[in-house]
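Observations on the model geometry
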Amino acid sequence: MHRLYDSAISGNAYKVRLLLHHLGIPFERIEMNVDDGSTRRPEFLKINPNGKVPALQFPDGRVLFESNAIIFYLAQGTRYWPTDRWDQGQAMQWMNFEQYSHEPTVAVVRHWVAHLGKTPQNEPLLPAKIAAGERALGVMEGHLKDHRWFAGDAYSIADIALYAYTHVAEEGGAFELRRYPAIQDWLRRVAAQDRHITITG
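In this text, all values refer to a predicted model and were calculated from it rather than measured experimentally. Residue positions are given per chain, counting from 1 as you read along its sequence in written order. Local features in this predicted model are restricted to residues of pLDDT 70 or higher, and side-chain atom pairs are both shown and tallied only at a pLDDT of 80 or more, whereas totals for entire chains, interfaces and linings draw on every residue. Excluded from the side-chain calculations are hydrogens and water; all other atoms, namely the structure's heavy atoms, are used.

**Comments concerning helix H5 (residues 126-144)**
To keep things clear, this is the line we draw: Every helix listed is a DSSP run of H or I at least four residues long, and every strand listed is a run of E at least two residues long, numbered separately from the N terminus. In this scheme, a helix's expected span is set at 1.5 Å multiplied by one less than its residue total. We call a residue buried when its accessible area falls under 20% of the maximum for its residue type, exposed when it is over 50%, and partly exposed in between, using a 1.4 Å probe and counting protein chains only. Contact criterion: two residues are considered in contact whenever any of their non-hydrogen atoms come within 4.5 Å of each other.
Between its terminal C-alpha atoms H5 stretches 27 Å, which fits the 27 Å expected from 19 residues at 1.5 Å a residue. Those residues of H5 lying buried are Leu126, Ala132, Gly133, Glu134, Ala136, Leu137, Met140, Glu141, His143 and Leu144. Buried residues belonging to H5 abut helix H4 (85-116), helix H6 (157-166) and helix H7 (181-191).

The structure is reproduced here in structure tokens:
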């Protein structure tokens, strides 16, 4: 059986859990605390030397880490990975956008505010993070005004990657998703997919 090293508060881990549910792949879920140093202990570093969740251990013992690499691997040959080469390029484009423009802003604000709490170290950095997060959401809104999905005409792992932290963005107390009607419509479409689970599910 697959073994997923997970965290209930991690959108990156949620991506993998959501796709595993879509695909009907049974797995054992190992809950990790991402704030108490557990992922930096030697026993976990043997699984993921980068000391982060998610990490997916396959039945043969091999391990993949980095959320978008995991979902890319799992999606091959399924409906969640486009068959058209242009759409594949679009999927990779948006998955890279998620990791470089979206996650470092929208997800970080949520984590700092909702989970760690504001500190003298992170509070001065929040305005810049929030502004960059608004820009990322604006890019998504612009795309979704003319498209139902992020890669071609079907729901794919590009949508899973971006959904993970977008749908909980308001938990950071800074982003108002009502300002983004196209994103709101897209969030509802994602939540309506077969075998959808919530981030706490």
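**Examining the side chain of Thr166**
Applied cut-off: What qualifies as a polar contact is a pair of N or O atoms within 3.5 Å, subject to a donor-acceptor requirement within protein and to the restriction that residues adjacent in sequence count only when both atoms come from side chains.
Inspection of the secondary structure puts Thr166 in helix H6. A polar contact of 2.6 Å, which involves the side chain of Thr166, links it to the backbone oxygen of Leu162. With near-sequence residues (within four places) excluded, Thr166 lies in contact with His102, Leu137, Met140, Leu177, Ile183, Trp186 and Leu187.

**Brief notes about the pairing of strand E1 (residues 2-6)**
Put simply, side chains in a regular strand alternate between the two faces of the sheet. The condition is simple: When DSSP finds two or more bridges between two strands, those strands count as paired.
Most of E1 is tucked away, with four of its five residues classed as buried. Where E1 meets strand E2 (residues 27-31), five bridges bridge the pair, whose relative direction is parallel. Residue pairing across strands places Leu4 opposite Arg29, the latter belonging to E2. Strand direction decides the pairing type here: E1 and strand E3 (residues 55-57), joined by three bridges, are antiparallel. Pairing of Arg3 across the sheet is with Gln57, part of E3.

**A word on the environment of Gly133**
Note that Gly133 resides in helix H5. Every residue in contact with Gly133, bar those within four places of it in the chain, is listed here: Thr105, Val106 and Phe175.

**Quick word on the packing of aromatic side chains**
We describe a pair of aromatic rings using the distance from one ring centre to the other and the angle between the two ring planes. As a reminder, the rule being used: Two aromatic rings, drawn from Phe, Tyr or Trp (for Trp, its six-membered ring), form a pair once their centres lie within 6.5 Å of each other, and the interplanar angle then sorts them: stacked below 30 degrees, edge-to-face above 60, tilted otherwise. Working rule: Lys NZ or Arg CZ, within 6 Å of ring centre, within 35 degrees of ring normal, means a charge sits over the ring.
One pass over the structure, following the stated rule, counts ten aromatic pairs. Plain terms: the ring middles of Phe150 and Trp186 are 5.2 Å apart, the flat faces sit at 85° to each other, and that makes the pair edge-to-face. Placement of the pair is Phe150 in the loop between H5 and H6 and Trp186 in helix H7, with a sequence separation of 36 residues. Look at Phe150 and you get buried, because its relative accessible area is 1%. Look at Trp186 and you get buried, because its relative accessible area is 0%. An aromatic cluster is built from Tyr14, Trp94, Phe97, Phe150, Tyr163 and Trp186, whose rings are joined through pairwise contacts. Note that Arg189 overlies the ring of Trp149, its terminal NZ or CZ placed 5.6 Å from the centroid.

**Points about the side chain of Asn12**
Note on placement: Asn12 falls in helix H1 (residues 11-23). For Asn12, a relative accessible area of 12% translates into the label buried. Side chain to side chain, Asn12 and Ser67 meet in a polar contact 3.3 Å long. Of note is the side chain of Asn12, whose polar atom sits 3.4 Å from the side chain of Glu103. Excluding residues that lie within four positions of it along the chain, Asn12 makes contacts with Pro54, Ser67, Glu98, Gln99, Glu103 and Tyr165.

**Describing the environment of Arg3**
Looking at the element boundaries, Arg3 is found in strand E1. As a C-alpha pair, Arg3 and Val63 span 60 residues in sequence and 9.2 Å in three-dimensional space. Not counting residues up to four positions away in its chain, the partners in contact with Arg3 are Glu28, Ile30, Ala55, Leu56 and Gln57. Within the local environment of Arg3, its side chain forms a polar contact with the side chain of Glu28, the two groups lying 3.0 Å apart.

**Side note on the layout of surface pockets**
This is how the line gets drawn: With a 1 Å grid laid over protein atoms only, a set of points is called a cavity when a 1.4 Å probe fits there but cannot get out and a pocket when it is open yet has protein on both sides within 12 Å along at least five of seven lines; lining residues have an atom within 4 Å of a point. Grid points are joined across faces, edges and corners, and a volume is the space filled by probe spheres set on the points. In this count, Pro and Cys sit with the nonpolar residues alongside Ala, Val, Leu, Ile, Met, Phe, Trp and Tyr, while Asp, Glu, Lys and Arg are called charged and the others, Gly among them, polar.
Of the volumes computed, that of the largest pocket is approximately 620 Å³. Lining of the largest pocket is provided by 25 residues; of these, Asn12, Lys52, Val53, Glu103 and Tyr165 occupy positions nearest its centre. Examining the composition of the lining of the largest pocket, we find that eight residues originate from one element, H4, more than from any other. Of the residues in the lining of the largest pocket, the class split is nine nonpolar, ten polar and six charged.

Spatial relationships are all this shows, so hold off on functional conclusions.
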